[in-house]
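# Per-entry structural report
Each chain is listed here by its residues.
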Amino acid sequence: MTTASSHVGLTSHPGSIFKEALPIRWGAADPALRGPVVATMTNRSHRNAIGTHSGSYSVYRALATAAGDLTPEHRPDLTNTNPVVDIGPFDSWKDPSKMVSIDPWGASVATVFRDHLEGGYDIRPTIAVTKAHMLMPEITEAIAKGRLHIDGKIIRPQGDIAVTKAALDPVWYLPGIAARFGVDEGDLRRVLFEETGGMFPELITRPDLKVLLPPIGSTTVYMFGDPRAISDPSKKLTLRVHDECNGSDVFGSDICTCRPYLCHGIEEAVRSAQEGGAGCIVYYRKEGRALGEVTKFLVYNARKRQAGGDSAATYFHRTECVAGVQDMRFQELMPDALHWLGITKIDRLISMSDMKHDAIVGSGIRVLERVPIPDGLIPKDAQVEMEAKKAAGYFTTDEVKGNDALQQVKGRGLDE
Ligand SMILES: [Zn+2]
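Below: a short report on this structure. Each chain carries its own residue numbering, running from 1 in the direction its sequence is written. At least 70 in pLDDT is required for a residue's local features to be given in this predicted model, at least 80 for side-chain atom pairs to be given and counted, and no such filter applies to totals for whole chains, interfaces and linings, which use all residues. Side-chain descriptors were evaluated using all non-hydrogen atoms of the structure, hydrogens and water having been removed beforehand.

With that settled, consider unusual backbone geometry. Following G88, the chain continues to P89 via a peptide bond in cis, the omega torsion being 0°. Helix numbers and strand numbers start at the N terminus; a helix is a DSSP run of H or I with at least 4 residues, a strand a run of E with at least 2. Assignment of secondary structure puts P89 in the loop between α2 (58–66) and α3 (109–112). The phi torsion at R289 lies on the positive side, around 55°, for a residue other than glycine. With respect to the helices and strands, the residue R289 is situated in helix α11 (residues 287–290). Burial classes follow relative accessibility: with a 1.4 Å probe on protein chains only, a residue under 20% of its type's maximum area counts as buried, one over 50% as exposed, and anything between as partly exposed. For R289, a relative accessible area of 14% gives the class buried. Backbone geometry places A290, a non-glycine residue, at a positive phi of 65°. With respect to the element layout, A290 can be found in helix α11.

Examined against the element boundaries, V367 turns out to sit in strand β10 (residues 366–370). Sequence-wise, V367 and Y394 are 27 residues apart; in three dimensions their C-alpha atoms are separated by 15 Å. Contacts are assigned to residue pairs with any non-hydrogen atoms lying within 4.5 Å of each other. Ignoring sequence-local partners within four residues, the contact set of V367 consists of I346, L349, H357, I360 and V361.

Surrounding the zinc ion are the protein donor atoms C245 (SG), C256 (SG) and C258 (SG), at 2.2 Å. Binding-site remark: the zinc ion is held by donors from one chain whose sequence spacing is C-x10-C-x1-C. Like C256, the residue C258 is buried in the burial classification. Donor selection uses N, O and S atoms within 2.8 Å of the metal (3.2 Å for Na, K and Ca). Since no water is included, sites may look incomplete.

Any Lys or Arg side-chain nitrogen located within 4 Å of an Asp or Glu carboxyl oxygen qualifies as a salt bridge. Applying the stated rule across the entire model yields 32 salt bridges. Two residues, R180 and D336, come together in a salt bridge whose shortest N-O distance is 2.9 Å. Linking R180 in helix α6 (residues 174–181) with D336 in helix α14 (residues 335–340), this pair joins segments that are 156 residues apart in sequence. Classification of R180 by relative accessible area gives partly exposed; the value is 24%. Residue D336 is classed as buried on the basis of its relative accessible area, which comes to 0%. The shortest N-O distance in the salt bridge between E287 and K296 comes to 2.6 Å. Each of R147, E267, E268, R271, R348 and E369 takes part in a single network of salt bridges with overlapping partners.

Right, let's get into helix α13 (residues 315–323). Residues Y315, F316 and T319 constitute the buried set of α13. One side of α13 holds all its buried residues, which, seen down the axis, span an arc of 90°. Residues of α13 that are buried make contact with α11, α12 (293–305) and α16 (383–391). Downstream of α13 by a residue or two, G324 has a phi angle that is positive, lying close to 90°. The directions from the helix axis to the C-beta atoms are what the arc is built from.

Should DSSP find at least two bridges between two strands, the strands are taken to pair. Taken together, seven strands build an open sheet; the order of strands is β2-β3-β6-β8-β7-β9-β10 and the sheet is mixed. Strand pairing shows two members of the sheet lacking a second neighbour, β2 (127–134) and β10, which therefore form its edges. Looking at each pair of strands side by side, their axes are set apart by 25° on average, direction ignored. Pairing of strand β7 (residues 237–243) with strand β8 (residues 278–284) involves seven bridges; the strand directions are parallel. If you follow V241 over to β8, its bridge partner there is V282. In this fold helix α15 (residues 354–362) packs onto β7, β9 (345–349) and β10, with an angle of close to 150° to the strand it touches most, β10. Orientation is described by lines fitted to C-alpha atoms, with helices fitted over the stretch in contact, and by angles between N-to-C directions that extend from 0 to 180 degrees.

What follows concerns the nonpolar core. Take the buried Ala, Val, Leu, Ile, Met, Phe, Trp, Tyr and Cys residues and link them wherever side-chain atoms come within 4.5 Å; each set so joined is a nonpolar core. Counting 40 residues, the largest nonpolar core has L239, L338, W340, L341, I343, I346 and I360 as its most contacted members. Looking at this core, the elements with two or more residues in it are β2, β3 (161–168), β6 (219–224), β7, β8, α14, β9 and α15. Here this core gets four residues from one element, more than from any other, and that element is β8. Counting residues in each nonpolar core, the second largest holds 20 residues, with I139, I161, F224 and C263 among its members.

With respect to the helices and strands, P72 occurs in the loop between α2 and α3. Along the primary structure P72 and T257 are separated by 185 residues, whereas in three dimensions their C-alpha atoms are 43 Å apart.

Before going further, it helps to spend a moment on the packing of α12 against α13. In contact at an axis separation of 9 Å, α12 and α13 are set at 125° when each is read in the N-to-C sense. Taken together, the axes of α12 and α13 lie oblique to each other. Taken as a pair, α12 and α13 cross one another with a handedness that is right-handed. Touching T295, L298, V299, A302 and R303 of α12 are Y315, R318, T319, V322 and A323, all from α13. In this count, Pro and Cys sit with the nonpolar residues alongside Ala, Val, Leu, Ile, Met, Phe, Trp and Tyr, while Asp, Glu, Lys and Arg are called charged and the others, Gly among them, polar. Of the residues assigned to the contact of α12 with α13, the class counts are six nonpolar, two polar and two charged. Note on terminology: angles under 35 degrees are roughly parallel, angles over 145 are roughly antiparallel, angles of 65 to 115 are roughly perpendicular, and the others are oblique. By convention the crossing between two helices is left-handed if the near helix lies anticlockwise of the far one by an angle smaller than a right angle, and right-handed if it lies clockwise.

All right, on to the packing of helix α5 (residues 137–144) against helix α10 (residues 258–274) then. At their nearest, the axes of α5 and α10 sit 10 Å apart, and the two run at 55° to each other. Between α5 and α10, the crossing angle belongs to the class labelled oblique. Helix-helix and strand crossings are classified by hand; for α5 and α10 the assignment is right-handed. Counted together, P137, E138, I139 and A142 of α5 and R259, C263, I266 and E267 of α10 form the full contact between these two elements. In the contact of α5 with α10, the residues fall into five nonpolar, no polar and three charged.

If you want it as structure tokens, here you go:
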């Protein structure tokens with residue numbers, strides 16, 4: 001017997017296509033015409049999107065509700081939560097093909113959709129913009145060695161960096177995502193439904209709902225200097241797009257170059273801001289090439305235990321043996337965050353990734369200079385990764401090693 005409290009009402013029932021749900025016209029220049037994305041569960045008849053807010057954290061919200069800590073009817077009080085600086089609107093916001101994985105109006109829902117909010121619609125921000133100070137030992141060292149100077153404003157008197165930062169939750173416009181990957185929207189929806197264990201039936205049953213808030217990680221933008229300079233083509237912009245690597249970024253693991261390159265990017269971004277331009281780090285939650293940390297650690301073991309030991313010659317092959325592919329980051333969606341920022345050209349791109357470079361340029365942003373990681377910042381055990389990537393087409397000014405030479409680039413054993 002199904003009890004009343006355990007009964008689940010699926011919005012996939014044809015009778016659930018509610019008249020109160022507002023239409024979304026993706027890419028419409030006027031937000032009033034575009035319409036708000038309503039993905040909350042407080043009034044199901046208002047929903048015009050699949051999935052719900054906060055990406056993967058929606059599961060914790062469900063736990064908090066299940067545990068009785070959170071009432072399902074709770075609506076956020078948005079008093080004083082508005083962005084500390086205004087970003088946009090830019091021309092890129094009015095092009096439905098430029099941004100398909102971010103809602104450009106996600107930071108300003110409280111102003112642009114005020115009437116709907118006052119009318120009872122539970123519209124939530126998918127972007128938040130705040131300010132912070134950053135203290136990093138690598139920056140302290142750069143100041144001590146004279147590579148950066150305290151200017152009192154961007155680098156504060158105590159050596160901390162003033163930064164404006166934005167958090168961007170994923171909002172996917174499914175026809176645009178399908179177009180970006182050159183696949184049929186119906187096929188994309190079916191595979192998303194199946195590969196998430198049937199998590200969102202509306203992917204199949206509600207083809208009229210075109211927007212999905214997927215349960216994946218967010219993106220964070222760190223802006224150095226005047227944020228207005230980022231979109232000003234007359235100002236110099238230094239930018240790094242960085243994919244999360246918790247082991248290195250936070251814990252200093254020396255098997256890869258992630259934290260050293262990230263810190264180099266921050267140093268260069270700050271320098272650009274101090275010179276009157278802007279600097280930007282865009283940080284994507286795509287741990288372990290979006291394969292996840294468990295897969296990543298399995299690959300580390302497979303690399304270090306293989307016959308002949310860890311070698312640059314087999315770096316990508318070992319990943320493919322475990323994960324089935326070398327990489328799942330899909331840089332095709334990465335430039336969306338740059339278009340939200342109104343970026344049309346990057347003076348200095350602090351990245352060696354050919355995939356990132358090609359995705360940025362392919363999205364219509366000019367890249368004037370690519371900056372490889374300085375040799376002195378590459379940990380010894382990370383030479384395997386670095387040489388393998390350069391051989392695979394990553395940007396470098398060095399000579400690319402052939403297969404024999406790649407076999408000589410060895411990493412540490414597991415017990416060393
Ligand atoms: Zn790493």
